[in-house]
Amino acid sequence: MHKSAENKICLELLRRTVPENWVLNPFYIFQLFSVCLWFSEDYKEYAFAIIIMSIISISLTVYDLREQSVKLHHLVESHNSITVSVCGRKAGVQELESRVLVPGDLLILTGNKVLMPCDAVLIEGSCVVDEGMLTGESIPVTKTPLPKMDSSVPWKTQSEADYKRHVLFCGTEVIQAKAACSGTVRAVVLQTGFNTAKGDLVRSILYPKPVNFQLYRDAIRFLLCLVGTATIGMIYTLCVYVLSGEPPEEVVRKALDVITIAVPPALPAALTTGIIYAQRRLKKRGIFCISPQRINVCGQLNLVCFDKTGTLTRDGLDLWGVVSCDRNGFQEVHSFASGQALPWGPLCAAMASCHSLILLDGTIQGDPLDLKMFEATTWEMAFSGDDFHIKGVPAHAMVVKPCRTASQVPVEGIAILHQFPFSSALQRMTVIVQEMGGDRLAFMKGAPERVASFCQPETVPTSFVSELQIYTTQGFRVIALAYKKLENDHHATTLTRETVESDLIFLGLLILENRLKEETKPVLEELISARIRTVMITGDNLQTAITVARKSGMVSESQKVILIEANETTGSSSASISWTLVEEKKHITYGNQDNYINIRDEVSDKGREGSYHFALTGKSFHVISQHFSSLLPKILINGTIFARMSPGQKSSLVEEFQKLDYFVGMCGDGANDCGALKMAHVGISLSEQEASVASPFTSKTPNIECVPHLIKEGRAALVTSFCMFKYMALYSMIQYVGVLLLYWETNSLSNYQFLFQDLAITTLIGVTMNLNGAYPKLVPFRPAGRLISPPLLLSVIFNILLSLAMHIAGFILVQRQPWYSVEIHSACTVQNESISELTMSPTAPEKMESNSTFTSFENTTIWFLGTINCITVALVFSKGKPFRQPTYTNYIFVLVLIIQLGVCLFILFADIPELYRRLDLLCTPVLWRASIVIMLSLNFIVSLVAEEAVIENRALWMMIKRRFGYQSKSQYRIWQRDLANDPSWPPLNQTSHSDMPECGRGVSYSNPVFESNEEQL
């Protein structure tokens, strides 16, 4: 990837070769060293096996990387070869290739279905754009021209609206281009290449946020410990062989052998297979992963943030009713379920025209809310004809007309002259319309609190707040409508937003139903029962969010909700923060309505007892971040409901949770959540749009059922990684101990003995031990996130010492047997002879035909003990419940262990001279073979009992922690302990100001993401 002078996002396809940085990876260099050493010792078979395993492992990874590279290449190549119309001062309009564009060029947009090759600011005309590639939301967005201003202020701050409403972003598709009075749609090029929005998205995918996970840092320390152990073995080997007078080249070879024994070269391949298996299981559930190393991180999640609309609740909105108002206050609810049409009036006209819908190929498209509202009026949409002439109205303007069956509508139609589109930051939209043969009007719709603030106070009913609460507390989505008359003598596009959005007349409330998805409540209950915190981050109304939180089970009936309101500095008064307990009260106004939430007037001491949740808006979050930073961590410890949050604030909140040492997951539909999805440790997108490539995980099923599945698989993968580390450490240490004992006699294992242990035993176990699936139930605790944790270290050290004791016992005891002799190379009894007879007249010595340096009774004993110990340790270390399926369900693994154990016992007890000769073994008496089995059985029983009764005994470790006063050092745990001992927390019915001592002091939490958020104008 590189930035060039051309307007191109140059992205080379990943070649089908190993990336250069992999070649310099220390572990691959070590593997190369090991393979070269083995070839020099004629240990070709395992050298080839390691080469093949590494090639398969690397090939699978390269294949995945190339698939992603191809997908990314298709994503960026589309805009690199587009022909555009550019207007030059001298040359006029020219058709040029998009790659020659530079900032400042004037683009002429003609026709529909145009793919933007750069970022450009619209200066004339308007466009309807599909931004699905960037936002994940394939809803048409209306772009308006940049307002013409005389002042020299930066263009981004020229209008109150989000500046992005004037920008056409690279990679988005212009569905419709509507010319202004000049007859053209013009835009000025802002950014090209990797400086564009699309270039930034590609860069974030190529260079994602690094996974700062303890496991990977511990893995390096783990390997360094093995290297240190190998160094001790090398020194021991040098001493033994030099004192024995061995040739220098033999001494060096034996010393280097110790390194390849102590550090297992097959470890990367074994760990890779575990992640690949987990990835395949997720794929079967419709969860796709572009960052496999994050699967392990999923196992550590202890807080999950959810978007509300489209994630917890259904995508579709149903229009429940409309509440109009007049001077006497709110009228009766007009229910659309009755089938009666809404009577004509300003409210009906507002519903028909105050939207950003478009007509594309005869189909009305746009925001689902706008679509439901327009459909409820039963009006029709069309373009005005050439004979449609109204002052200031462009040709082919959008016109809405009453349907033919409608009666008592005094206007022929309404032409939409100009739009001030909806903005998340502004929480409203406004349109200027012209009634055919009637008045010119302005209509506004948006968040009720915002719309009411632009209206004449006398037109807003006195019962506005209580009426709004009735619906929001039942989970309804409420939209307010307002209007005003305009003068006809002004051109629509010359009117500023400030002029239009003033002195409005309040019309009423639009009530939309947004139901919970069926899967939401069971999933949240499962997460809460597993002690995983759930948090709602939404752009919707606070009261609606509180109700959805209660209905979904995020906040239980017995738990209190405390509303936090923070206000900016105004005039002489400093910034303030207030705390109010929210309470449920029965309110019977309409027949079948549920409870609604009131601010409690009298607060008893009971409000302080039990658990509680904080609820606040994006505005309050912004004020707290700037003026009450020392309070922010305290609030976040119990903050559950965050409403009216902008996309930038969502990212900021996720980062603040991460500062408290939470492992944060974010689940959203991709619309406004892209930043938060990238910021979180684990981002899960429920959108199948191209923007999902920026999220590590994408679920094909658009509900939150994927979250517990992902956590279960993450926990299983994490435990599997620990199992593999432990097993590989024990396997290498078992072989290391055995070889060092044999070195004492200047002996060693032969190539075929090594091959049997390395390939037939360990490799098969490494490939099949990872096959256990995730346990179906989430338990209320997480697996250890560190390799260097006391239980794991104790397990490894104890088993190493146990194996060491067994090997030393076998090594010493075999030398003390009555039949033991350095000269005798077989101690098998002739049939019907006793051991005593054997000592008197042993069988004739079998002269060794080859490998005389390896064959000995010590070698035979050590090899059997080591080989079968590798099998028993695998069974002990293969964990089942509570994070993985029980071991017996892993049929392939169990079958492999049975076959391996059967083969080893067969070799041990079968008197087949040819087999023994090839494996460089000696025949021993049956009694000694039985002794080997007894030693291994004792080792297995002690290891299993210790593992189950001590290592895996969570209650015991918790008791030890309490006994020694160990406490978690995680920031959120420290804050929880401090707040639990603070009788004044949470404050209720209090108001604090930023100039108070307790608010001005304390730890300051800076937030670069929030501070640089350009959406806060």
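Residues numbered from 1 in each chain as written. Predicted model: local features only at pLDDT ≥ 70, side-chain atom pairs only at ≥ 80, totals over all residues. Heavy atoms only, no water.

1. Considering the overall build of the protein
So, point 1. Secondary structure summary: the protein contains 33 helices and 33 strands in total.
So, point 2. Looking at the protein as a whole, 54% of its 1017 residues are labelled buried.
So, point 3. Put simply, the protein shows about 45200 Å² of open surface, and 57% of that area lies on carbon and sulfur atoms. (Helix = DSSP H or I, 4+ residues; strand = E, 2+ residues; numbered from the N terminus. Buried < 20%, exposed > 50% of the residue type's maximum accessible area, 1.4 Å probe, protein only. Areas by Shrake-Rupley, 256 points an atom, 1.4 Å probe, with all protein chains shown as cover.)

2. Considering the sheet that holds strand β7 (residues 140–143)
So, point 1. Here four strands make up an open sheet; going across it, the order is β4-β9-β6-β7 and the pairing antiparallel. Only two strands of the sheet have a single neighbouring strand rather than two, namely β4 (114–115) and β7.
So, point 2. Across five bridges, strand β6 (residues 126–130) lies against strand β9 (residues 173–178) in antiparallel orientation. Paired with V128 across the strands is Q176, a residue of β9. (Pairing = 2+ DSSP bridges.)

3. Remarks on the side chain of T459
So, point 1. Here T459 is to be found in the loop between α13 (448–453) and α14 (464–472).
So, point 2. Separated by 3.3 Å, the side chain of T459 and the backbone nitrogen of F506 make a polar contact.
So, point 3. Once you skip the residues sitting within four places of it in the chain, T459 turns out to touch C325, L504, I505 and F506. (Polar contact = N/O pair within 3.5 Å; in protein donor to acceptor, adjacent residues only side chain to side chain. Contact = heavy atoms within 4.5 Å.)

4. Notes on the sheet that holds strand β20 (residues 428–435)
So, point 1. Reading across from one edge, β14-β13-β23-β22-β21-β20-β19-β18-β17 is the order of the nine strands in this open sheet, with antiparallel pairing throughout. A single partner strand is all that each edge strand has here, and the edge strands are β14 (329–335) and β17 (380–383). Neighbour-to-neighbour, the strand axes of the sheet open up by a mean angle of 30 degrees, direction not taken into account.
So, point 2. Taken together, the seven bridges between β20 and strand β21 (residues 440–446) define a ladder with antiparallel strand orientation. Within β21, the residue paired with M429 across the bridge is K445.
So, point 3. Contacts from α14 reach β13 (318–326), β14, β22 (476–486) and β23 (505–513) within the one sheet, and its direction differs from that of β22 by about 140 degrees. (Axes fitted to C-alpha atoms, helices over the stretch in contact; angles between N-to-C directions.)

5. Considering the pairing of β7
Regular strands show a simple pattern: their side chains alternate between the two faces of the sheet.
So, point 1. The alternating pattern of β7 places P140 and T142 on one face and V141 and K143 on the opposite face, and all of these are buried.
So, point 2. Here four bridges tie β6 to β7, and the two strands are oriented antiparallel to one another. If you follow D130 over to β7, its bridge partner there is P140.

6. Section: the packing of helix α26 (residues 857–877) against helix α27 (residues 891–909)
So, point 1. Taken N-terminus to C-terminus, the directions of α26 and α27 make an angle of 160 degrees; their axes are 10 Å apart at the nearest point. Between α26 and α27, the angle is such that the two are roughly antiparallel. The chirality of how α26 crosses α27 is left-handed. Within the contact between the two elements, α26 uses W863, F864, T867, I868, I871, A874 and L875 and α27 uses F893, L897, Q900, L901, C904, L905, I907 and L908.
So, point 2. When its residues are assigned to classes, the contact of α26 with α27 shows 13 nonpolar, two polar and no charged. (Parallel < 35°, antiparallel > 145°, perpendicular 65-115°, else oblique. Left-handed = near helix turned anticlockwise from the far one by under 90°. Nonpolar A, V, L, I, M, F, W, Y, C, P; charged D, E, K, R; others polar.)

7. Remarks on helix α17 (residues 542–552)
Along an α-helix, residues three or four positions apart point the same way, because every turn accommodates 3.6 residues.
So, point 1. Taking burial as the measure, the eleven residues of α17 include ten buried ones, the bulk of the element.
So, point 2. Of all the residues in α17, the buried ones are L542, Q543, T544, A545, I546, T547, V548, A549, R550 and S552.
So, point 3. Where α17 ends, the next residue or the one after it, G553, has phi of about 95 degrees, a positive value.

8. Structural notes on the pattern of salt bridges
So, point 1. If you walk through the whole model with that rule in mind, you get 17 salt bridges.
So, point 2. When the shortest N-O distance is used, the salt bridge between K879 and E947 registers 2.7 Å. Of this pair, K879 sits in the loop between α26 and α27 while E947 sits in helix α29 (residues 926–951); the two residues are 68 residues apart in sequence, bridging distant segments of the chain.
So, point 3. K879 gets classed as buried once you look at its relative accessible area, which sits at 10%.
So, point 4. Classification of E947 by relative accessible area gives buried; the value is 1%.
So, point 5. A salt bridge links E914 to R917, with the nearest nitrogen and oxygen atoms 2.5 Å apart. In this pair, E914 and R917 are both assigned in helix α28 (residues 913–918), three residues apart and thus about one turn of the helix distant.
So, point 6. What you see here is one network of salt bridges that share partners, running through K726, K879, E947 and E952. (Salt bridge = Lys/Arg side-chain N within 4 Å of Asp/Glu carboxyl O.)

9. Some thoughts on the environment of V240
So, point 1. Tracing the backbone shows V240 in helix α6 (residues 214–243).
So, point 2. By relative accessible area, which is 10% here, V240 ends up buried.
So, point 3. Spatially, the C-alpha atoms of V240 and T746 are 7.6 Å apart, while their sequence positions differ by 506 residues.
So, point 4. When neighbours within four sequence positions are excluded, V240 is seen to be in contact with Y743, W744 and T746.

10. A short note on helix α20 (residues 647–659)
So, point 1. Spanning 13 residues, α20 covers 19 Å between terminal C-alpha atoms, matching the ideal 18 Å at 1.5 Å per step.
So, point 2. Here α20 lies mainly inside the structure; eleven of its 13 residues are buried.
So, point 3. Within the span of α20, buried status applies to G648, Q649, K650, S651, S652, L653, V654, E655, E656, F657 and Q658. (Expected span 1.5 Å × (residues − 1).)

11. Topic: the nonpolar core
When a protein is soluble and globular, its nonpolar side chains tend to lie buried together.
So, point 1. One finds Y46 and Y727 to be the most contacted residues of the largest nonpolar core, which totals 89 residues.
So, point 2. In terms of residues, this core owes the most to one element, helix α22 (residues 706–743), which gives 20 residues.
So, point 3. Setting aside chain neighbours within four positions, we find Y727 in contact with I761, T762, I765, M769, C870, V873, A874 and F877.
So, point 4. Membership of the second largest hydrophobic core comes to 44 residues, among which are V582, F663, L686 and F697. (Core = buried A, V, L, I, M, F, W, Y, C linked by side-chain atoms within 4.5 Å.)

12. Examining the packing of helix α24 (residues 790–815) against α29
So, point 1. Where α24 meets α29, the axes come as close as 11 Å, and the angle between the chain directions of the two elements is 165 degrees. Put simply, α24 runs roughly antiparallel to α29. With respect to the hand of their crossing, α24 and α29 are arranged in right-handed fashion. For the pair α24 and α29, contact is made by P791, L794, S795, F798, N799, L802, S803, M806, A809, G810, L813 and V814 and by W928, M935, L936, N939, V942, S943, A946, E947, V950 and I951, respectively.
So, point 2. Per-class residue counts for the contact of α24 with α29 are 15 nonpolar, six polar and one charged.

13. So, the packing of aromatic side chains
So, point 1. Applying the stated criterion to the full structure yields 23 aromatic pairs.
So, point 2. Ring geometry for F614 against W985: centres 5.9 Å apart, planes inclined by 80 degrees, an arrangement best described as edge-to-face. Residue F614 is found in strand β28 (residues 612–617), and its partner W985 is found in the loop between α31 (971–980) and β33 (990–993); the two are separated by 371 residues along the sequence. The residues F614 and W985 share a single accessibility class, namely buried.
So, point 3. Residues F781 and F883 carry aromatic rings whose centres are separated by 5.7 Å and whose planes lie at 85 degrees to one another, so their mutual orientation is edge-to-face. Placement of F781 in the loop between α23 (751–768) and α24 and of F883 in the loop between α26 and α27 is noted, with a sequence separation of 102 residues between them.
So, point 4. Assessed through its relative accessible area of 11%, F883 is described here as buried.
So, point 5. Ring pairing ties together the aromatic residues F621, F642, F657, Y662 and Y972, which thus form one cluster.
So, point 6. Against the face of F877 rests K726, its NZ or CZ located 4.5 Å from the ring centre.
So, point 7. Between the NZ or CZ atom of R954 and the centre of the ring of F781, over which it lies, the distance is 4.1 Å. (Phe/Tyr/Trp six-rings, centres within 6.5 Å; stacked < 30°, edge-to-face > 60°. Lys NZ or Arg CZ within 6 Å of the ring centre and 35° of its normal.)

14. Focus: a nonpolar patch on the surface
So, point 1. A surface patch of nonpolar side chains, about 530 Å² in accessible area, is lined by I788, L793, I797, L801, L804, I808 and I812.
So, point 2. Note that I808 resides in helix α24.
So, point 3. By relative accessible area, which is 33% here, I808 ends up partly exposed. (Patch = residues over 30% accessible without salt bridge, like charges linked within 9 Å, V, L, I, M, F, W, Y side chains within 5 Å.)

15. Some words on the environment of K113
So, point 1. In this structure, K113 sits in the loop between β3 (106–109) and β4.
So, point 2. Excluding residues within four positions of it along the chain, K113 makes contact with E173, V174, I175 and L360.

16. Remarks on unusual backbone geometry
Trans peptide bonds make up most of the peptide bonds, and negative phi angles are found at most residues other than glycine.
So, point 1. The amide bond that connects K881 to the next residue, P882, takes the cis arrangement and shows omega of 10 degrees.
So, point 2. Position of P882 relative to the elements: it lies in the loop between α26 and α27.
So, point 3. In the segment running from W985 into P986, the intervening peptide bond is cis, with an omega of 0 degrees.
So, point 4. Topologically, P986 is positioned in the loop between α31 and β33.
So, point 5. Although it is not a glycine, R644 adopts a positive phi angle of roughly 50 degrees.
So, point 6. One can find R644 in the loop between β29 (639–643) and α20.

17. Side note on a positive patch on the surface
So, point 1. On the surface, a cluster of positive charge is contributed by R531, R954, K961 and R973.
So, point 2. With respect to the secondary-structure elements, R954 resides in helix α30 (residues 954–963).
So, point 3. Taking relative accessible area as the criterion, R954 reaches 40% and is therefore assigned partly exposed. (Lys, Arg positive; Asp, Glu negative; His and termini not counted. Charge placed at Lys NZ, Arg CZ, Asp CG, Glu CD.)

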